There are 2 protein chains.
Amino acid sequence: LPDAKIPEEIDITSDLGAALMGQSLVFLAIPTQFLRSILLEINNLNIFKEKYFISVAKGIENNTLLRPSGIVRDVLGNVTCGVLSGPSHAEEVARSLPATVVVASKNKKFAKRLQLVLNSNRFRVYTNSDVIGVELGGAIKNVVAIASGICEGLGLGDNAKAALLSRGIVEMARLGVALGARKSTFFGLSGIGDLVTTCYSHFSRNREVGFKIGKGQKLQDILKGMDKVVEGVRTTLSLKKLSERFSIDMPITTEVYKMLYEGKKPIQAVQDLMMRQPKSEMEDLV
Amino acid sequence: LPDAKIPEEIDITSDLGAALMGQSLVFLAIPTQFLRSILLEINNLNIFKEKYFISVAKGIENNTLLRPSGIVRDVLGNVTCGVLSGPSHAEEVARSLPATVVVASKNKKFAKRLQLVLNSNRFRVYTNSDVIGVELGGAIKNVVAIASGICEGLGLGDNAKAALLSRGIVEMARLGVALGARKSTFFGLSGIGDLVTTCYSHFSRNREVGFKIGKGQKLQDILKGMDKVVEGVRTTLSLKKLSERFSIDMPITTEVYKMLYEGKKPIQAVQDLMMRQPKSEMEDLV
C-alpha cells in the first residue's frame, strides 16, 4: 500500500519473536499457501501459549484442503483461532473509508471481545459463530471473481455478471452446507458482501486474472506479469478436489478450473453454463 | 432503446384492443404507478377472460401498497398473473447478451410453461413459486440502488457499497418474511441478483438519482431533468408506510426516505447507519 501512512504507534519488525512477545492477540495476515511455513516458525519459538489468533487469509490449502484456521490448529494444536472477513479492501480501509466486517469464532466471548476492540464509526464489526461458513465464503468468492473477470473480458455485460454472482453464491452455499457451514452465512457480509466487492472492485487481482483469461491470454503468462499473490488461482485447485470428494455440483468452479488449467475456451464455458437443463431456483435456495 | 432493432414478427400498436385480441399470454410492461389506469382500460374492453398475464413492473403502488400482481387482480378479478423478474437490463437483452431471469407463479404448470416458452441459450429462465418474494425483491432493490448511488456520490468506496448491499438484502428479507415471502427468495436472482446489477450498472436511473443526491442536489431538481420513470423514488414512499404498518426495522430505507423527502444530509445518514449498536450478523440471517 504505497500511499498509506502507518500510524506511529505501530512498530514494524521482521523478527517474529519480537513481534509476538508479550502480545495476547495475534493477527495472522499471511496468504493461505504460505501460512503453514510461518506457523511452523512460530511453533519453534514456543511462545504461542495463551495467545489468541485471528486469521484474515482467504483460501484453502492445496494439499490438505484445510481452511486457514484449520492450518493454525494443525500446526499449533488446540489454540483459540477466530477469523476476520468481509468486504474490506485494504486500499480503502487505510484511507479511513467506512467498511463492515465479520469476526467469527465458536467462542462467543472471544468474538464479542474482538468486536468491541475493533468496532469504530469507520469500521463496523458484526459477529458470527459459523467459522466454517465465513472462511469458505472468503475462499470461494475469489474463484467466482475470476469467473466474473472472464465475463468482463468477453464483454458479456451486467446481466451476465449478476447471474454469475447469484448462481456463484448458490454453489458456495451448497459446498458449505456439505462441509458443516450454515447456509445463511453465505448470504451475509463474508459471502455475498465480499463477493460483490471482489467482482466489481478495480483493486481485485482475481478479477484482473479473469479479465485477461477472457481476453484470450494463458494463465502462466498472466501470472508471470504479477508480483502479488492471487489466492483464487490456487483455491480453484482445492475447490475442484473438495467438490469431487463430497460429490457437490459446482458448475462455475468446474468451468473456471477448465479454463485456467485445461485451456478450455471461455466462450465455450459460458455456452455450457447457459445451456444446462432449465430448473427451479427453489431447489437451491430453500 | 434507440439502437435496438425490433424483429419484423412484432407488430406495434397503440390500440389496446388490437394488441390483446386473440392472444392468450399478455406481458404487462407498465411502470407500477401507471399500471392501474391501463388495467382499467383493459377491464372496459372486457376481453381479458381466459388470458394469462405476466407483470414485469418493479414497484409498490403508493396508495394501496399493492404489488403489481395485486393491482392486476384488484382491477381484473381472479385472473392468473405471474411475474418475471431478475437482472435483465433491456439495453443488454436487446443486444442478445446472456441473461438469467425468474418467472414466478403459484400455478406451477403456468410457471413451467412460461419457462419453456422463454428459455433460450441467451436467456436462461428459472422458476419460483414465491410471487410475493420475487415482486418485493424487484421493488425494494430500487431503493437500495438509490442508497448505493448516494454512497458513490459521497465517494465512500467499494467496501461501503458492499456493506449497503449486504445489509440491504437483510432488510428486504425482513420485510418480505413479514408479508408472507420466503426469505430464501431474496438471495436469488430476483433479490441479490437484480440488486447487484442495479447498484453497479450505468444503465440504472435509480442509482443515478442517488448519485446526484450524494453530490448535494435536491430531489425535485434532479427529477425535472429526467424524462424516464424512476421507480425507486416512489417505492421509497410505499416502503416507508409498509415498514411502519408492520413494525419492521428498515434502517437503510428509512435513511433514504429522510434524504429524499426530508432534506437530511447524506453524510449524516451514513454516520447514523455506521454508529448503530454493534450486533451479531446471525440474528438477521438465520
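Please refer to the structure higher up on the page.
One structure accompanies this document, and this report is about it. Fair warning: this is a prediction, and the values are worked out from it, not measured in the lab. (Residues numbered from 1 in each chain as written. Chains lettered and ligands numbered in written order. Predicted model: local features only at pLDDT ≥ 70, side-chain atom pairs only at ≥ 80, totals over all residues. Heavy atoms only, no water.)

1. So, the packing of helix 11 (residues 231-245) of chain B against helix 12 (residues 251-261) of chain B
Axes are the key here: two packed helices are described by the angle between their axes and the distance separating the axes. All names here are of chain B. The N-to-C vectors of helix 11 and helix 12 enclose an angle of 125°; their axes lie 10 Å apart at closest approach. Classified by the interaxial angle, the pair formed by helix 11 and helix 12 is oblique. In this structure, helix 11 meets helix 12 at a crossing whose hand is left-handed. The segment helix 11 lies against helix 12, with Val233, Arg234, Thr236, Leu237, Leu239 and Lys240 engaging Thr253, Val256, Tyr257, Leu260 and Tyr261. Classifying every residue of the contact of helix 11 with helix 12 gives seven nonpolar, two polar and two charged. (Axes fitted to C-alpha atoms, helices over the stretch in contact; angles between N-to-C directions. Helix = DSSP H or I, 4+ residues; strand = E, 2+ residues; numbered from the N terminus. Parallel < 35°, antiparallel > 145°, perpendicular 65-115°, else oblique. Left-handed = near helix turned anticlockwise from the far one by under 90°. Contact = heavy atoms within 4.5 Å. Nonpolar A, V, L, I, M, F, W, Y, C, P; charged D, E, K, R; others polar.)

2. Focus: the packing of aromatic side chains
For the coordinates displayed, the defined rule picks out six aromatic pairs over all chains. Look at tyrosine 200 of chain A and tyrosine 200 of chain B: their rings are 3.9 Å apart centre to centre, the planes differ by 10°, and that puts the pair in the stacked class. With tyrosine 200 of chain A in helix 8 (residues 189-200) and tyrosine 200 of chain B in helix 8 (residues 189-200), this residue pair bridges two chains. Of the two residues, tyrosine 200 of chain A and tyrosine 200 of chain B, neither departs from the other in class, the shared state being buried. Ring centres 5.4 Å apart and planes at 40° place the aromatic pair tyrosine 257 of chain B and tyrosine 261 of chain B in the tilted group. Taken as a pair, tyrosine 257 of chain B and tyrosine 261 of chain B lie in helix 12 at a separation of four residues, close to a single helical turn. A relative accessible area of 16% places tyrosine 257 of chain B in the buried class. A cation over a ring is seen here: arginine 113 of chain A above tyrosine 52 of chain A, with NZ or CZ 5.8 Å from the ring centre. Above the ring of tyrosine 200 of chain A, the side-chain terminus of lysine 161 of chain A is found at 3.9 Å from the ring centroid. (Phe/Tyr/Trp six-rings, centres within 6.5 Å; stacked < 30°, edge-to-face > 60°. Buried < 20%, exposed > 50% of the residue type's maximum accessible area, 1.4 Å probe, protein only. Lys NZ or Arg CZ within 6 Å of the ring centre and 35° of its normal.)

3. Here we look at the sheet that holds strand 1 (residues 25-28) of chain B
Pairing between the strands of a sheet comes from backbone hydrogen bonds, and it takes one of two forms, parallel or antiparallel. Residues and elements named next belong to chain B. Across the sheet, five strands lie side by side as 1-2-3-4-5; this open sheet has mixed pairing. Each of the sheet's edge strands pairs with one partner strand only, and the pair in question is strand 1 and strand 5 (123-128). The average angle at which neighbouring strand axes cross in this sheet is 25°, direction not considered. Two elements, strand 2 (residues 52-55) and strand 3 (residues 80-85), share four bridges in a ladder whose sense is parallel. The partner of tyrosine 52 across the bridge, within strand 3, is threonine 80. Each of strand 3, strand 4 (99-104) and strand 5 touches helix 8; the most contacted strand, strand 4, lies at about 145° to it. (Pairing = 2+ DSSP bridges.)

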